Amino acid sequence: MEYKENVLSYEIYHRLRSCAGWENFSETQAQTALANSLYTVIAVEGSEAVAMGRLIGDGQYYMIVDVIVHPDFQKQRIGTSILDMLLKYVDNHTPVGGRASIQLISEKGKEAFYETLGFKKIPHEFCGSGMRKVIYKEN
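Sequence order as written defines the numbering, with residues in each chain counted from 1. Per-residue local features are limited, in this predicted model, to residues with pLDDT of at least 70; the limit for side-chain atom pairs, both in listing and counting, is 80 or more; totals at the level of whole chains, interfaces and linings are taken over all residues. Water and hydrogen atoms were dropped before computing side-chain values, which therefore reflect all heavy atoms in the structure.

Structural notes on the overall build of the protein
Stage number 1. Check the secondary structure of the protein and you find four helices and seven strands.
Stage number 2. The linear arrangement of helices and strands in the protein, starting from the amino end, is β-α-α-β-β-β-α-β-α-β-β.
Stage number 3. Put simply, the protein has 139 residues, and 41% of those count as buried.
Stage number 4. Carbon and sulfur atoms form 49% of the exposed surface of the protein, whose accessible area is close to 8100 Å². Here a strand is any run of E in DSSP of at least two residues, a helix any run of H or I of at least four, and the numbering for each starts at the N terminus. Categorising residues by exposure relies on relative accessible area from a 1.4 Å probe, with only protein chains included: less than 20% of the type maximum marks a residue as buried, more than 50% marks it as exposed, and the intermediate range marks it as partly exposed. Throughout, the Shrake-Rupley method with a 1.4 Å probe supplies accessible areas, and for residues the shown protein chains are the sole cover considered.

Right under this line is the structure:
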């Protein structure tokens with residue numbers, strides 16, 4: 001498995017959202033969102049992208065979005081590797097003495113996976129749960 005940074009295209013984004021059963025946004029919206037991402041990661045097997053994740057934010061508050069692993073490639077720690085890369089980006093961009101808040105929305109039933117990575121639940125009536133993790137950089 002090869003992981004590539006900041007090369008997520010609209011075609012990959014659209015295809016992976018579709019294979020996960022997620023509704024797609026218009027191409028214009030998606031292109032704008034991709035262009036405004038801070039950091040993206042895709043996992044490539046052979047010549048095909050089989051997973052992705054995006055990070056958006058302003059340097060203090062971050063949100064992890066669009067973490068999708070193609071169903072044929074799940075349970076191989078690909079999602080964990082992508083999340084590790086997204087979290088490392090935040091850690092590397094948080095100054096000494098600073099902190100960053102990282103949030104995501106989990107599908108129902110997937111909360112335990114994110115808890116293993118240090119996220120805490122923020123209960124909500126939405127279809128899943130908000131999850132939050134704070135990185136502190138000690139002096």
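Observations regarding the pattern of salt bridges
Opposite charge on two side chains lets them pair, provided their charged atoms get close.
Stage number 1. Salt bridges are identified by distance alone: a Lys or Arg side-chain nitrogen within 4 Å of an Asp or Glu carboxyl oxygen. On inspection of all chains with the given rule, the structure shows three salt bridges.
Stage number 2. Arg-17 serves as the salt-bridge partner of Asp-66, at 2.6 Å between the closest nitrogen and oxygen. Taken together, the residues Asp-66 in strand 4 (residues 61-69) and Arg-17 in helix 1 (residues 10-19) connect sequence positions 49 residues apart.

Some words on the packing of aromatic side chains
Stage number 1. Aromatic pairs are defined between Phe, Tyr and Trp rings, using the six-membered ring for Trp, whenever the two ring centres lie within 6.5 Å; interplanar angles under 30 degrees are classed as stacked, those over 60 as edge-to-face, and all others as tilted. For the structure shown, the criterion picks out three aromatic pairs.
Stage number 2. For the pair Tyr-39 and Tyr-89, a centre-to-centre distance of 4.7 Å together with 15° between the ring planes defines the contact as stacked. A residue pair is termed long-range when its members are at least 10 positions apart, and Tyr-39 in strand 2 (residues 39-45) and Tyr-89 in helix 3 (residues 78-92) qualify at 50 residues. Tyr-89 matches Tyr-39 in its accessibility class, with the two residues each being buried.
Stage number 3. Between Tyr-114 and Phe-119 the ring centres are 6.2 Å apart and the planes differ by 85°, which places this aromatic pair in the edge-to-face class.

Brief notes about helix 3
Quick reminder: α-helices carry 3.6 residues per turn. Residues three or four places apart thus point the same way.
Stage number 1. Expected helix span is computed as 1.5 Å times (number of residues minus one). Here helix 3 spans 21 Å end to end across 15 residues, near enough to the 21 Å set by a 1.5 Å rise per residue.
Stage number 2. Three or more residues of helix 3 are buried, namely Ile-78, Gly-79, Thr-80, Ile-82, Leu-83, Leu-86, Leu-87, Tyr-89 and Val-90.

Some words on the environment of Lys-120
Stage number 1. Along the polypeptide, Lys-120 turns up in strand 6 (residues 120-122).
Stage number 2. Under the relative-accessibility criterion, Lys-120 is labelled exposed at 58%.

Some thoughts on the nonpolar core
Stage number 1. Nonpolar cores were defined as sets of buried Ala, Val, Leu, Ile, Met, Phe, Trp, Tyr and Cys residues, with membership established by side-chain atoms within 4.5 Å. With 24 residues, the main nonpolar core has Leu-55, Ile-64, Leu-86 and Phe-119 as its most contacted residues.
Stage number 2. Residue assignment for this core shows that the elements contributing at least two residues are strand 2, strand 3 (48-57), strand 4, helix 3 and strand 5 (99-107).
Stage number 3. Here the element with the most residues in this core is helix 3; it accounts for seven residues.
Stage number 4. By the convention used here, residues are in contact when the closest approach between their heavy atoms is within 4.5 Å. Leave out the neighbours within four places in its chain, and Leu-55 touches Ser-37, Leu-38, Tyr-39, Tyr-62, Met-63, Ile-64, Leu-86, Tyr-89 and Val-90.
Stage number 5. If you look at the next biggest cluster of nonpolar residues, it comprises twelve residues, including Leu-8, Tyr-10, Tyr-13 and Ile-42.

Considering the side chain of Arg-54
Stage number 1. Tracing the backbone shows Arg-54 in strand 3.
Stage number 2. Side-chain atoms alone can form a polar contact between residues adjacent in sequence; in general such a contact is a pair of N or O atoms within 3.5 Å, and within protein one must be able to donate a hydrogen while the other accepts it. Reaching out from Arg-54, the side chain makes a polar contact with the side chain of Ser-37 at a distance of 2.6 Å.
Stage number 3. A polar side-chain atom of Arg-54 sits 2.8 Å from a polar atom in the side chain of Asp-66.
Stage number 4. Among all residues touching Arg-54, those that are not within four sequence positions of it are Leu-8, Tyr-13, Ala-33, Leu-34, Ser-37, Tyr-39, Thr-40, Met-63, Ile-64, Val-65, Asp-66 and Leu-86.

Things to note about the confidence of the model for the protein
Stage number 1. A score between 0 and 100, pLDDT records how confident the predictor is in each residue. Here the protein averages 87 in pLDDT, and 88% of its residues register 70 or above.
Stage number 2. Across the protein, the element-wise mean pLDDT spans from 52 in strand 7 (residues 128-136) up to 98 in strand 2.

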